[in-house]
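# Structural characterization, general
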Amino acid sequence: MSWLAPVVLGLLHVLYRLVLVLKSAFHSGGEPQALLSKRSKLPSHLALALVANPAADGDANEQYMLNSVEQVAGWCRAVGIRRLTVYDREGVLAKCSLELRERLMPPPRREEVEESTKECDIQYPLTPPPSDDAESRPLSPQSGASIPKLAVTTLRFPHNPSKPKRRLSVTGAALKRRRMTRQLQVSEPPLSLHIISYQSGKPAIAAAAKTILQDLRQSSITSTNPPSLPSLQELNAMLEGEHGFPSPDLMIVHCKPPVSQLRPPVELGGFPPWQTRLTEIYVRTQGSCWVSSDPCPPVKEVPSIREVEFRRALDEFARAEMRLGK
């Protein structure tokens, strides 16, 4: 009878897998709500993990990532998400931060803020001088506090209000069209964009922990009181503070098509694990369209993530039940 237990366990696994597949087909088969539809809840911080296609060349992967970030940033502004974190393992987006700023700067205010934002809207990750091999550096010569290298580039974009109205003599039909347009125009909220890579994950955690220990060692030399032990709160404040990025509420993992497997395994590609403790993860690749009612377009027509995928992710987040460990 020793063979009975493995057989029963295998049948249970097959049944459980079948239930998951049917449940996935049932939930993803319907048409998602419109982008501006009112949902029960929205993420205040969205993360977008972009997975490059190894079979494609570097330029194709780069354009795929830039187009995806540009599209998702516009949708975030439209629905009211004010913080967006974009991740790619190799750091391609971090090298293209200037091009991203040009793409995402609100057109009505581009000339107005070109000079004022040239140095203040991009916060590059802090690095020590070339002659210093340490993992962190002091904030000032007089201060013993240090900041680690977290490899987080932050771009901040202002409001995008509608253009100022001009008083012109127009016809009644033009006034009617203007009145309807004014009802649809909404001032876009400001957007904070964090650009991260693999170096923002485990290497950043190690650098932050090393920095805290170095500060404690320095304080124990200059102080007569015994040093206090480092806490998780200190590490969390450093990783999610001013020079890091906070935990996202929702993460969308998107792979550049074509996908080789029908349903590839879920992989985050080294996304920073510290900030994903309570993050809802949405994964949808081109290979998973067999369970959906919306057909997948040809690969040539998919230069970036599609709006239907973004809307479906928001719908699943609105349906998700957040227990937060309770």
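Residues numbered from 1 in each chain as written. Predicted model: local features only at pLDDT ≥ 70, side-chain atom pairs only at ≥ 80, totals over all residues. Heavy atoms only, no water.

The secondary structure content of the chain amounts to nine helices and nine strands. Residues classed as buried in the chain amount to 36% of the 326 residues present. Working note: accessible area of the chain is about 19,700 Å², and carbon and sulfur atoms make up 57% of it. (Helix = DSSP H or I, 4+ residues; strand = E, 2+ residues; numbered from the N terminus. Buried < 20%, exposed > 50% of the residue type's maximum accessible area, 1.4 Å probe, protein only. Areas by Shrake-Rupley, 256 points an atom, 1.4 Å probe, with all protein chains shown as cover.)

Looking at the element boundaries, Asp88 is found in the loop between β2 (83–87) and α3 (92–95). In this structure the side chain of Asp88 is engaged in a polar contact, spanning 2.6 Å, whose partner is the backbone nitrogen of Val92. (Polar contact = N/O pair within 3.5 Å; in protein donor to acceptor, adjacent residues only side chain to side chain.)

A few words now on the packing of helix α7 (residues 202–222) against helix α8 (residues 232–239). Interhelical geometry of α7 versus α8 gives an angle of 125 degrees and a closest axis separation of 10 Å. Of the possible angle classes, the one that applies to α7 and α8 is oblique. Pair α7 / α8 crosses with right-handed handedness. Only Glu234, Leu235, Met238 and Leu239 of α8 make contact with α7, whose side of the interface consists of Ala204, Ile205, Ala208, Ala209, Thr211 and Ile212. (Axes fitted to C-alpha atoms, helices over the stretch in contact; angles between N-to-C directions. Parallel < 35°, antiparallel > 145°, perpendicular 65-115°, else oblique. Left-handed = near helix turned anticlockwise from the far one by under 90°. Contact = heavy atoms within 4.5 Å.)

On the surface, a cluster of nonpolar side chains totalling about 680 Å² of accessible area is made up of Trp3, Leu4, Val7, Val8, Leu9, Leu11 and Leu12. When you line up the elements, Leu9 lands in helix α1 (residues 4–28). (Patch = residues over 30% accessible without salt bridge, like charges linked within 9 Å, V, L, I, M, F, W, Y side chains within 5 Å. Salt bridge = Lys/Arg side-chain N within 4 Å of Asp/Glu carboxyl O.)

It is worth spelling out the confidence of the model for the chain at this point. Should the pLDDT be low somewhere, the predicted coordinates at that spot are not to be read in detail. Of the residues in the chain, 66% have a pLDDT of 70 or more, and the chain-wide mean is 75. Confidence, read as mean pLDDT per element, is least for helix α5 (residues 110–113) in the chain (47) and greatest for β2 (95). Residue range residues 128–134 is modelled with pLDDT below 50. Its contacts to residues more than four positions away, or to other chains, number four contacts. (pLDDT = per-residue confidence, 0-100.)

Where helix α2 (residues 58–79) meets helix α4 (residues 97–104), the axes come as close as 10 Å, and the angle between the chain directions of the two elements is 40 degrees. Put simply, α2 runs oblique to α4. For the crossing formed where α2 meets α4, the hand is right-handed. Every residue of α4 that contacts α2 at Glu62, Gln63, Leu66, Asn67, Val69, Glu70, Ala73 and Arg77 is listed here: Glu99, Leu100, Arg103 and Leu104. Of the residues assigned to the contact of α2 with α4, the class counts are five nonpolar, two polar and five charged. (Nonpolar A, V, L, I, M, F, W, Y, C, P; charged D, E, K, R; others polar.)

So, on to the packing of aromatic side chains. Within the structure shown, the criterion is met by three aromatic pairs. When the ring of Tyr87 is compared with that of Phe271, the centres are 5.2 Å apart and the planes differ by 65 degrees; the resulting orientation is edge-to-face. Here Tyr87 is found in strand β2, whereas its partner Phe271 is found in the loop between β8 (250–255) and β9 (280–283), with 184 residues between them in sequence. Each of the two residues, Tyr87 as well as Phe271, counts as buried. Each ring, one from Phe245 and one from Phe271, has its centre 6.4 Å from the other, and the planes form 85 degrees; the classification is edge-to-face. Here Phe271 lies in the loop between β8 and β9 and Phe245 lies in the loop between α8 and β8, a separation of 26 residues in the sequence. The two residues Phe245 and Phe271 agree in class, both being buried. Grouping aromatic residues by their ring pairs yields a cluster made of Tyr87, Phe245 and Phe271. Cation over ring: Lys41 sits above Phe317, and NZ or CZ is 5.8 Å from the ring centre. For Arg89, the ring lying beneath its charged end belongs to Tyr198, and the centroid distance is 4.5 Å. (Phe/Tyr/Trp six-rings, centres within 6.5 Å; stacked < 30°, edge-to-face > 60°. Lys NZ or Arg CZ within 6 Å of the ring centre and 35° of its normal.)

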